[in-house]
Amino acid sequence: MSLSKLSTYAMRLAADAERDPLKYWRPTPIQRQILEDKNKIVLFRAVNQLGKTMTGCVEVHSRATGRHRWKQIPKKPIDIWIIVHSWEQSKVIQQKFWEMAQKDELTDDTEYIPGKGFKGKYPVVKYKNGSIVYFKTTGQGTLGVASGSVGFVWIDEPPPPD
């Protein structure tokens, strides 16, 4: 293969990976075990930098699109909550979430601003199929999550006991 063809192929591959990162992402054995788990409640506790947040991002994207590589899930649109400790922490989660997003699955009004997160006072990510991901904090208290009808909740860090 010529250097020119190799370069063209590499650029196409990079563009495809940017458009659909999940296509190229490979879980570690523990991440895969979590992603394959069919229980209603799954707890993933581990030391820092083991991939808990990335696993959560993959799970949420999979559920939002209705396509999961490791288990059967409903294909209908759902509302999803990602609950984090603080708005400051949510920026880190939002960045990882954006990096793993299948950009062509998101609506045109879903905007990510590096260093700030998703656009809006209360960040949301909208999918073309009708699914919506809401970022919430434990600082919003129990009223912030009361009366919600959601299809999936990811709590990134243990919430306070109250």
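Below, the structure is looked at part by part. (Residues numbered from 1 in each chain as written. Predicted model: local features only at pLDDT ≥ 70, side-chain atom pairs only at ≥ 80, totals over all residues. Heavy atoms only, no water.)

The next subject is a nonpolar patch on the surface. A surface patch of nonpolar side chains, about 690 Å² in accessible area, is lined by Met1, Leu3, Leu6, Tyr9, Leu13 and Tyr24. Topologically, leucine 3 is positioned in helix α1 (residues 3–19). (Patch = residues over 30% accessible without salt bridge, like charges linked within 9 Å, V, L, I, M, F, W, Y side chains within 5 Å. Areas by Shrake-Rupley, 256 points an atom, 1.4 Å probe, with all protein chains shown as cover. Salt bridge = Lys/Arg side-chain N within 4 Å of Asp/Glu carboxyl O. Helix = DSSP H or I, 4+ residues; strand = E, 2+ residues; numbered from the N terminus.)

Okay, the packing of aromatic side chains next. Applying the stated criterion to the full structure yields eight aromatic pairs. For the ring pair tryptophan 87 and tyrosine 122, a centre distance of 6.1 Å and an interplane angle of 50 degrees mean the geometry is tilted. Placement of tryptophan 87 in helix α4 (residues 87–100) and of tyrosine 122 in the loop between β3 (117–118) and β4 (124–126) is noted, with a sequence separation of 35 residues between them. Geometrically, the ring pair formed by phenylalanine 97 and phenylalanine 118 is edge-to-face, given 6.2 Å between the ring centres and 80 degrees between the ring planes. With phenylalanine 97 in helix α4 and phenylalanine 118 in strand β3, this pair connects stretches of sequence that are 21 residues apart. The class for phenylalanine 97 is buried, based on a relative accessible area of 0%. Given a relative accessible area of 4%, phenylalanine 118 falls into the buried group. Among the aromatic residues, those joined into a ring-pair cluster are Phe97, Trp98, Tyr112, Phe118 and Phe135. Its guanidinium or amino end placed over the ring of tryptophan 98, lysine 103 lies 4.7 Å from that ring's centre, counting from NZ or CZ. Lying across the ring of tryptophan 81, lysine 136 places its NZ or CZ 4.8 Å from the centre. (Phe/Tyr/Trp six-rings, centres within 6.5 Å; stacked < 30°, edge-to-face > 60°. Buried < 20%, exposed > 50% of the residue type's maximum accessible area, 1.4 Å probe, protein only. Lys NZ or Arg CZ within 6 Å of the ring centre and 35° of its normal.)

A few words now on the packing of helix α3 (residues 52–65) against α4. Two elements in contact, α3 and α4, have axes whose closest approach is 9 Å; the angle formed by their N-to-C orientations is 55 degrees. With respect to each other, α3 and α4 are oriented oblique. The hand of the α3/α4 crossing is right-handed. Contacts from Thr53, Met54, Cys57, Val58, Val60 and His61 of α3 reach α4 at Ile93, Lys96, Phe97 and Met100. In terms of residue class, the contact of α3 with α4 is made up of seven nonpolar, two polar and one charged. (Axes fitted to C-alpha atoms, helices over the stretch in contact; angles between N-to-C directions. Parallel < 35°, antiparallel > 145°, perpendicular 65-115°, else oblique. Left-handed = near helix turned anticlockwise from the far one by under 90°. Contact = heavy atoms within 4.5 Å. Nonpolar A, V, L, I, M, F, W, Y, C, P; charged D, E, K, R; others polar.)

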